[in-house]
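A closer look at the structure
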Amino acid sequence: MRNVSVTDMIHVLDTDTAPMDVLRAIAQSGVQENAFYVLDIGDIVHKHSEWKMKMPRVEPFYAVKCNDSQLVLATLAALGTGFDCASKTEIAKVMDLGVDGSRIIFANPAKMASHIRYAASQDVNTMTFDNECELYKVKQMHPNARMVLRIRCDATVAQCQLGMKFGCDPLVEAPRLLKLAAALGVTVVGVSFHVGSGCQDPPVFRRAISAARDLFDLGGQLGFSMSLLDIGGGYPGNRGSSIDQISEVVNAALDDYFPISLGVQIIAEPGRFYVASAYTLATLIHSKRDTMYYINDGVYGSFNCILYDHAVVKAIPLENKGGKPLLSSVWGPTCDGLDQVLDSVLLPPLDIGDWLVFEDMGAYTLPVASTFNGFPVPKVHAVIDESVWRFLKGCLPLTEDHFIAQNNNWTSVWDIPSPEQSTPSSPSPSPYIYELMA
Ligand SMILES: *Cc1c(COP(=O)(O)O)cnc(C)c1O
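An account of the accompanying structure is given in this report. (Residues numbered from 1 in each chain as written. Predicted model: local features only at pLDDT ≥ 70, side-chain atom pairs only at ≥ 80, totals over all residues. Heavy atoms only, no water.)

Quick look at the overall build of the protein chain now. In terms of helices and strands, the protein chain carries 12 helices and 20 strands. Taking 438 residues into account, the globule formula puts the C-alpha radius of gyration at 22 Å, and the protein chain, at 23 Å, falls close to it. In terms of principal-axis extent, the alpha carbons of the protein chain reach across some 70 × 50 × 40 Å. Counting across all 438 residues of the protein chain, residues that qualify as buried make up 54%. (Helix = DSSP H or I, 4+ residues; strand = E, 2+ residues; numbered from the N terminus. Rg over C-alpha atoms; globule rule 2.2 N^0.38 Å. Buried < 20%, exposed > 50% of the residue type's maximum accessible area, 1.4 Å probe, protein only.)

The next thing to look at is helix H3 (residues 70–79). Since the α-helix turns once every 3.6 residues, residues separated by three or four places project in the same direction. With 9 of 10 residues buried, H3 lies mostly within the body of the structure. Taken together, the buried positions of H3 are Leu71, Val72, Leu73, Ala74, Thr75, Leu76, Ala77, Ala78 and Leu79. Capping the start of H3 is the job of one residue whose side-chain oxygen sits 3.2 Å from the backbone nitrogen of Leu71: Ser69. Gly80 occupies a position one or two residues after H3 and carries a positive phi of about 95 degrees. (Polar contact = N/O pair within 3.5 Å; in protein donor to acceptor, adjacent residues only side chain to side chain.)

Turning our attention to the site of the ligand. Neighbouring residues of the ligand: 15 residues in total, closest Lys65, Ser197, Glu269, Gly271 and Tyr364. Between an oxygen atom of the ligand and a side-chain N or O atom of Lys65, the distance comes to 2.7 Å. Starting from 390 Å² of accessible surface for the ligand in isolation, the protein chains cover 93%. More than half of the atoms belonging to the ligand lie within 2 Å of the grid points that define the second largest pocket. When grouped by side-chain class, the residues that make up the shell around the ligand number 4 nonpolar, 6 polar and 5 charged. (Near = heavy atom within 4 Å. Areas by Shrake-Rupley, 256 points an atom, 1.4 Å probe, with all protein chains shown as cover. 1 Å grid on protein atoms, 1.4 Å probe; cavity = no way out; pocket = protein on both sides within 12 Å on 5 of 7 lines; lining within 4 Å. Sits in = over half its atoms within 2 Å of the grid points. Nonpolar A, V, L, I, M, F, W, Y, C, P; charged D, E, K, R; others polar.)

What follows covers the nonpolar core. Among the nonpolar cores identified, the biggest contains 118 residues, and Phe83, Phe205, Leu229, Ile231, Tyr235 and Phe358 are the most heavily contacted of them. The leading source of residues in this core is helix H8 (residues 204–221), at 9 residues. Those residues within four positions of Ile231 in sequence are excluded, and the remaining contacts are Val58, Phe193, Phe205, Ile209, Val250, Ile266, Ile267 and Ala268. Counting residues in each nonpolar core, the second largest holds 13 residues, with Leu13, Leu23, Trp355 and Val383 among its members. (Core = buried A, V, L, I, M, F, W, Y, C linked by side-chain atoms within 4.5 Å. Contact = heavy atoms within 4.5 Å.)

In this section: the packing of aromatic side chains. In this structure the tally under the stated criterion is 13 aromatic pairs. Aromatic side chains Tyr37 and Tyr279 sit 5.6 Å apart centroid to centroid with 80 degrees between the ring planes, which places their arrangement in the edge-to-face category. Taken as a pair, Tyr37 in strand S2 (residues 36–40) and Tyr279 in strand S13 (residues 279–289) lie far apart in primary sequence, 242 residues in all. Assessed through its relative accessible area of 0%, Tyr279 is described here as buried. Arranged with centres 5.2 Å apart and planes meeting at 85 degrees, the rings of Phe273 and Tyr274 form a pair that is edge-to-face. According to the relative accessible area criterion, Tyr274 is buried, its value standing at 0%. Through successive ring pairs, a cluster of aromatic residues spans Trp51, Tyr62, Phe193, Phe205, Tyr235, Phe273 and Tyr274. Stacked on the ring of Phe273, the Lys or Arg Lys47 has its end atom at 5.3 Å from the ring centre. Above the face of the Trp389 ring, Lys393 is positioned so that its terminal group lies 4.4 Å from the ring centre. (Phe/Tyr/Trp six-rings, centres within 6.5 Å; stacked < 30°, edge-to-face > 60°. Lys NZ or Arg CZ within 6 Å of the ring centre and 35° of its normal.)

As C-alpha cells, this is what we get:
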C-alpha cells in the first residue's frame, strides 16, 4: 500500500526521455485541456550541487514561501538543506517531513504570539528580529530563543525590494537593539539581512557582510557569543542566470570579514535559486480574437507572479508552425480585464488547440495562485532522470513510494485518475496524466 498520493509521485525517466518529452506527450495526448506543469526534480538536485560547489561555506536554508510544494520540500530535506520558515504552518509542514528544529530558522522579524509559542514547543529556537517589541515578546514566550538581528542593506537593483518592510538600520538602531537584548537577558547569536529578491547588485553582499562584522564585534563586547551569520536570499534561479558573480563577492567578503578560523556558522535563505527553472508551464490556447490569444492560466493563477513578483514571462509556442510573427497579446481565462499575461509580443499566427510553454515558472507562482472565476490551479507532473533518481531514492524523507519507476507506455492514456480507483485487473494509472478532459 502506497502512503504517497499519486500527485506527489515522481516519474523516473529513462535516459532517452527528457522532461520536455513528457510535457509534449501530455499536451499532445488529445485529452489534456487544463494548463499543467512539468517539474524536473533533477534540476533542483543540480542547483544544490551548484550551490555546494560555488559557496561551500554557506549552508542553504531554503525559503519555504517561494514554493511550498511537498515534493520540493521533501527533495530538499533529502538533500540535507535547512529551511527558512515564516509561520507556524510552514514550520509544521517542514517538521512533518522529519526535519529537526535545529535545521529551521524562523526568519520572520514580526511573529504572531501563538507562532512564537509553537516554535518554542517544537524546539525551533533560531529566530530573527529587527525591533524592540519582538524582544519583549520573545523574552516572555520563548526563553530558549537564539535571536538573529536582521539589518537592512538594500541592493540598488532588485526584482522585489524588502528593505522598506524589514531590517533595522545597522548603524543606529542595531546597536540600540543589541544593548536592549543584553539588558533583557535575551540571547543574540548572530546577524541576518536580505538584500532584496532577484538581486542585480552583487557588491551589496560585501556591504552587508561588512556591516554584520561590526555588529558581531559589538555583540561580543556586550557578552553575546556571536556564532551565526545569515546572508539571506536574493540569488537568481532562471535558466541562463548564474550565481557566479554573487558567489565571488560572498566568498571573498567571508574570507575577509569571517575567516574560517573564527568558526562562525554561515547560512543563506535561497528561494528562487532552487526552484525557478525546475518548473515549466504548458498552457492551451482555447479561444482567440485575431491576434488576441486566450489561454487557460492567468494572473489569478500561476501568472500572479507578473503582479506580485514583478516577473517578466516569455511564451514559447510548443510547435514551430512558421508564419510571419505578428504583434499579439496573451490573456488569462477569467473575465477580468486585468487578467493579461503578455501585452504586445511577437508570435507566429496561432490557432485554438495550440500550446504555449513558459519556462522558469517555479518561484512565487503556485503558492499564490487562486481558482478565481472557477479556473483550476494547474497540476504538477514531477519527473526525475534515472541517474539522479539512483542518487536520491534512498535519502529520507523520500522513499521508494515516491517514485514510479516503470517508464513504459507513458504516451498512452488510461482513464484512471487515481490508484484508489484502480482494481487489480485494470491497467495501472497512466504515469503522467492524472486528469482527463471532462
Ligand atoms: C522571501 C525570502 C527569502 C527568499 O528570497 P529569494 O530572493 O527567493 O532567494 C529569504 N529570506 C527571507 C527572510 C525572505 O522573506
